[in-house]
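One letter stands for each residue in the lines below.
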Amino acid sequence: MAQWLSDWLTLSPQWEWVAYLTVALLQAVILLALVMTAVALATWAERKVAGRIQDRLGPTRVGGRFGWLQPLADGLKLFTKEDLIPANADAVLFRLAPYLSFAPVFGVFMALPFSDGWVAHHFNTAAFFILAVLGLEVFGIILGGYASGSKWSLLGGMREAAQVVSYEVPLAFSAMLPILLAGTMDLVAIGEAQRGWFWNWFVFHDPFTFVAFWIYVICAVAGTNRAPFDLAEAESELVAGFHTEYSGFRWSVFYMGEYAAMAAVCGLGVVLFLGGWNGPIPVAEWLFGPASSTSPIVNFLSQLLGAVNFIIKCIIGVVFMISLRWTLPRPRIDQVMSMCWKYCFPLAALAFLGATLWVLMLPDGLLGQGHPKASTCEQSVMVTVERIETP
Amino acid sequence: MTGPDGMAILFWLFAIVTCGGALVVVLSRHIVRAAVGLILSLFGVAMLFLLAGAEFVGAMQLMIYVGGTVVLLAFGVMLTARRPLLPLSTTRDQWLAAVLLACPLTVILVQAALSYAPTDSVSAQVDAHSGVSTPVGMLPVTPARLGMALLGFSQDNHRPDGGEVSHGDSGYLLPFELISVHLLVVLIGAAYLARREVPSGMTPRDNQGQLQ
Amino acid sequence: MFSPITPAHYLFVGIVLFVTGMICLLTKRNIIAILIGVELILNAANINFIAFSSPVLFPKRVPPLVLDGQIFVLFVMILAAAEAAVALAIALHFYSRFGTVDVDQGDELKG
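Here the structure is a predicted model, which is why all the values come from computation and not from measurement.

Asks: So what's going on with the overall build of chain A? Which residues, and what values?
Replies: For chain A, the count of helices and strands is 15 helices and zero strands. Sorting the 391 residues of chain A into buried and exposed places 50% on the buried side. Within chain A, counting contacts between residues at least 6 apart in sequence, those at least 24 apart form 76% of the total. Accessible surface for chain A amounts to roughly 18400 Å². Of this, 71% is attributable to carbon and sulfur atoms.

Quick look at the structure:
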């Protein structure tokens, strides 16, 4: 694309970098627009679901019957609010914190594949990269809590630090199962390994992955700091926790980060456990045949179908997380911590061990029909072993 | 990455982030600002790793350093601060000593870096050893290869012509095991050190009851 | 416009990190700030390891796979994390003993 732009503008080779920069900025803007749309939809869905659960209608006035334009109205309201910085706060860090919490979540979408060919940058280690980047979000929140110069905020920030660092461990453990089954950390290959009917999805691979999937769900909710694990804000104890002192635009950046993180963990979970862009019924394969031997238009259509599949699954995930927030009560902080270390972590470790044994004992599955696997890694391992064993 | 120019742009961007973060660490007067500088710097380093083709190590840097170690540091700051935003005290003597030591060190290191000629000089040596003359492209380092090397099946030390494997070429199983035991020891040690001080003649349970 | 990136570029980033880390070690008296300086120095070493084992910076090297550099970096990271955990435990202990994290205050063994 950069090459094409540079040819089109007939740039001399020494100015080619301008083309690269333009294309990079353009791609970043597209990605940002995508994330912001997802965030806007999620806030609207949150209001609607909350309304339905509480036997209300939710927003109905702004933008037609269903209140489609409510996110826009919310945004306008937030932008026009007064922007306060408390006298006790460290002004630089206070300003920096919201962006530090939003930027990593945005980075996740760089490595997340929407369909087998639609990924901003194809990482070899995408699954691990996303888990690592998601873990960075916490620092913005700790910093916001610390820089506010308020005791409520500080307590919220400390809770967040303890909670997120703890829940990262079982989260990574449960995410390791699909990586183990597919034999690679490449999310595109992991998605491809679940091609076909829905019983090929890793969540239904064996009982242990089923357990791991639910651990992933719990830890993902806790890791994104959503209710019922929103101990960092806990309005009944800490006023508003880490964002007590924030208002207006900066507060909304924290919220955008939270909603974008929801979409990100749902996306990762969908690719890891729920088949990614493969529908429950292999319609795409019947319609378009194997992906390699087709014209660009058919290829594009199959990619589009994959992306639609993926996005529908993500929306289901996000709505599930929202309905969790409005149905479950909030546990105490010690209950949250003991849930992580006494239940989630041992269960995740056991599931990991069990899945390892399952693959070892029943490599072809219970019915002996075999499971499509990503072959590249296995081959490289086999080559290694052969090389070492051959004298 | 997108061609040499794209790589150069990204390299300079992240090099500036890395060095800027390091400068913030040195020049800031607040410990938390120094921690933020460290975050920026380590993040830049992770991105430089990704640029250099070390994807797994780059992600590891993000997860362990930026997501783990620095959060731990921030936690430590919060637990040991008597009041928020305590300024760091630095005397002039310390700065003098630091500058006196840093200047010659910088000169030496810069000289060393400049004297390094960026050729594939390693290749000539190994060429003579294995008798292979055609240069092959370097293979990407995948997590599977790293994992096999840690388990004792190192792929990199094998001659392209399938020559014999000598002792000591078999990967990193022993260091891997040692570091696992080391981590366990550290875990226990840190937990022991950080436990609450219990006055003598009192069981921990009594102490807790007293505090509540 | 830009000259291609060589290992020397990486070495210079490493130098900046090493020198700033050392200055940080020498000028700060807060235990945690000293720890931050140590992390910078370790990262300077890591950058050099990665640069010299990089498949991108050495596109035509003859042993086609060099893992040593990256594995060393992994070991350094694990050791750094372990070191940070122990050092923080010591800092907490120090704080509860002396009521400060200024290392100059902990001079009880002075002759």
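Let us keep going from here.
Asks: Can you break down the packing of helix 6 (residues 137-147) of chain A against helix 3 (residues 55-80) of chain B residue by residue, with the values?
Replies: For the pair helix 6 of chain A and helix 3 of chain B, interaxial distance at closest approach is 11 Å and the crossing angle is 15°. Between helix 6 of chain A and helix 3 of chain B, the crossing angle belongs to the class labelled roughly parallel. Crossing angle aside, the handedness with which helix 6 of chain A passes helix 3 of chain B is left-handed. For the pair helix 6 of chain A and helix 3 of chain B, the contacting residues are Val138, Phe139, Ile142 and Tyr146 of chain A in the first and Val70, Val71, Ala74, Val77 and Met78 of chain B in the second. For the contact of helix 6 of chain A with helix 3 of chain B, a count of residues per class yields nine nonpolar, no polar and no charged.

Asks: Before we move on, could you go through the packing of aromatic side chains and cite the residues and values that matter?
Replies: Under the defined criterion, the tally for this structure stands at 17 aromatic pairs over all chains. When the centroid spacing of 6.4 Å and the interplanar angle of 75° are considered together, the rings of Phe210 of chain A and Trp214 of chain A count as edge-to-face. Residue Phe210 of chain A and its partner Trp214 of chain A are located together in helix 9 (residues 207-223), separated by four residues, close to a single helical turn. For Phe210 of chain A, a relative accessible area of 38% corresponds to the partly exposed category. On the basis of relative accessibility, which here comes to 39%, the residue Trp214 of chain A falls in the partly exposed class. With a centroid separation of 5.4 Å and 25° between ring planes, the pair formed by Phe49 of chain C and Phe72 of chain C is classed as stacked. Pair noted here: Phe49 of chain C is in helix 2 (residues 31-52) and Phe72 of chain C is in helix 3 (residues 68-98), with a separation of 23 residues, a long-range link.

Asks: Tell me about the nonpolar core, and please be specific about residues and values.
Replies: Residues Phe109, Phe129, Phe139 and Leu187 of chain A, Phe49 and Leu62 of chain B together with Tyr10 of chain C are the most contacted members of the largest nonpolar core, which totals 178 residues. A total of 17 residues in this core trace back to one element, the largest contributor, which is helix 11 (residues 248-273) of chain A. Contact partners of Phe129 of chain A, with chain neighbours within four places excluded, come to Gly107, Met110, Ala111 and Phe123 of chain A together with Met47, Leu50, Ala59 and Leu62 of chain B.

Asks: Account for the interface of chain C and chain B, naming residues and giving values.
Replies: The interface of chain C with chain B comprises 79 residues on the first partner and 89 residues on the second. With both sides pooled, the region where chain C packs onto chain B buries about 8000 Å², and carbon together with sulfur makes up 79% of that total. For the side of chain C that touches chain B, the elements supplying multiple residues, two or more each, are helix 1 (7-27), helix 2 and helix 3 of chain C. The dominant element in the side of chain C that touches chain B, judged by the number of residues it contributes, is helix 3 of chain C, at 23 residues.

Asks: Pulling in residues and values, what's your account of the pattern of salt bridges?
Replies: Residues and elements named next belong to chain A. Scanning the model with the defined rule gives two salt bridges over all chains in all. One salt bridge connects Arg325 with Glu46, and the closest N-O pair in it is separated by 3.5 Å. Of this pair, Arg325 sits in helix 13 (residues 296-327) while Glu46 sits in helix 2 (residues 16-53), placing them 279 residues apart in sequence. Its relative accessible area of 25% is what places Arg325 among the partly exposed residues.

Asks: Now, about helix 6 of chain A: what can you tell me, with residues and values included?
Replies: All names here are of chain A. Helix 6 sits mainly inside the fold: 11 of its 11 residues count as buried. Of all the positions in helix 6, only Glu137, Val138, Phe139, Gly140, Ile141, Ile142, Leu143, Gly144, Gly145, Tyr146 and Ala147 are classed as buried. Among the residues trailing helix 6, Gly149 stands out with phi positive, at a value near 70°.

Asks: Before we move on, can you summarise the packing of helix 7 (residues 173-193) of chain B against helix 3 of chain C with the specific residues and values?
Replies: Between helix 7 of chain B and helix 3 of chain C, the least distance of the axes is 9 Å, while the angle of their chain directions is 15°. Between helix 7 of chain B and helix 3 of chain C, the crossing angle belongs to the class labelled roughly parallel. Crossing handedness for the pair helix 7 of chain B and helix 3 of chain C: left-handed. Note on element contacts: helix 3 of chain C touches helix 7 of chain B through Phe75, Ile78, Leu79, Ala82, Ala85, Val86, Ala89, Ile90 and His93 of chain C, opposite Pro175, Phe176, Ile179, His182, Leu183, Val186, Ala190 and Leu193 of chain B. Looking at the contact of helix 7 of chain B with helix 3 of chain C residue by residue, the classes come out as 15 nonpolar, two polar and no charged.

Asks: With reference to specific residues and values, describe a nonpolar patch on the surface.
Replies: Residues and elements named next belong to chain A. On the surface, a nonpolar cluster with roughly 1100 Å² of combined accessible area is contributed by Trp197, Phe198, Trp199, Phe204, Phe210, Trp214, Ile281, Val283, Trp286, Leu287 and Phe320. Those elements that place two or more of their residues in the nonpolar patch are helix 9 and helix 12 (283-288). In terms of residue count, helix 12 provides more of the nonpolar patch than any other element does, three residues in total. The topology assignment puts Trp197 in the loop between helix 8 (187-192) and helix 9.

Asks: Please give an account of the confidence of the model for chain B that cites residues and values.
Replies: Taken residue by residue, chain B gives an average pLDDT of 72. The fraction at 70 or more is 65%. Contacts of residues 202-212 of chain B to residues separated by more than four positions or lying in other chains number 10 contacts, the stretch itself having pLDDT below 50.

Here is what the cut-offs are and how they apply
- Residues numbered from 1 in each chain as written.
- Chains lettered and ligands numbered in written order.
- Predicted model: local features only at pLDDT ≥ 70, side-chain atom pairs only at ≥ 80, totals over all residues.
- Heavy atoms only, no water.
- Helix = DSSP H or I, 4+ residues; strand = E, 2+ residues; numbered from the N terminus.
- Buried < 20%, exposed > 50% of the residue type's maximum accessible area, 1.4 Å probe, protein only.
- Contact = heavy atoms within 4.5 Å.
- Areas by Shrake-Rupley, 256 points an atom, 1.4 Å probe, with all protein chains shown as cover.
- Axes fitted to C-alpha atoms, helices over the stretch in contact; angles between N-to-C directions.
- Parallel < 35°, antiparallel > 145°, perpendicular 65-115°, else oblique.
- Left-handed = near helix turned anticlockwise from the far one by under 90°.
- Nonpolar A, V, L, I, M, F, W, Y, C, P; charged D, E, K, R; others polar.
- Phe/Tyr/Trp six-rings, centres within 6.5 Å; stacked < 30°, edge-to-face > 60°.
- Core = buried A, V, L, I, M, F, W, Y, C linked by side-chain atoms within 4.5 Å.
- Buried area = accessible area lost by both parts, 1.4 Å probe.
- Salt bridge = Lys/Arg side-chain N within 4 Å of Asp/Glu carboxyl O.
- Patch = residues over 30% accessible without salt bridge, like charges linked within 9 Å, V, L, I, M, F, W, Y side chains within 5 Å.
- pLDDT = per-residue confidence, 0-100.

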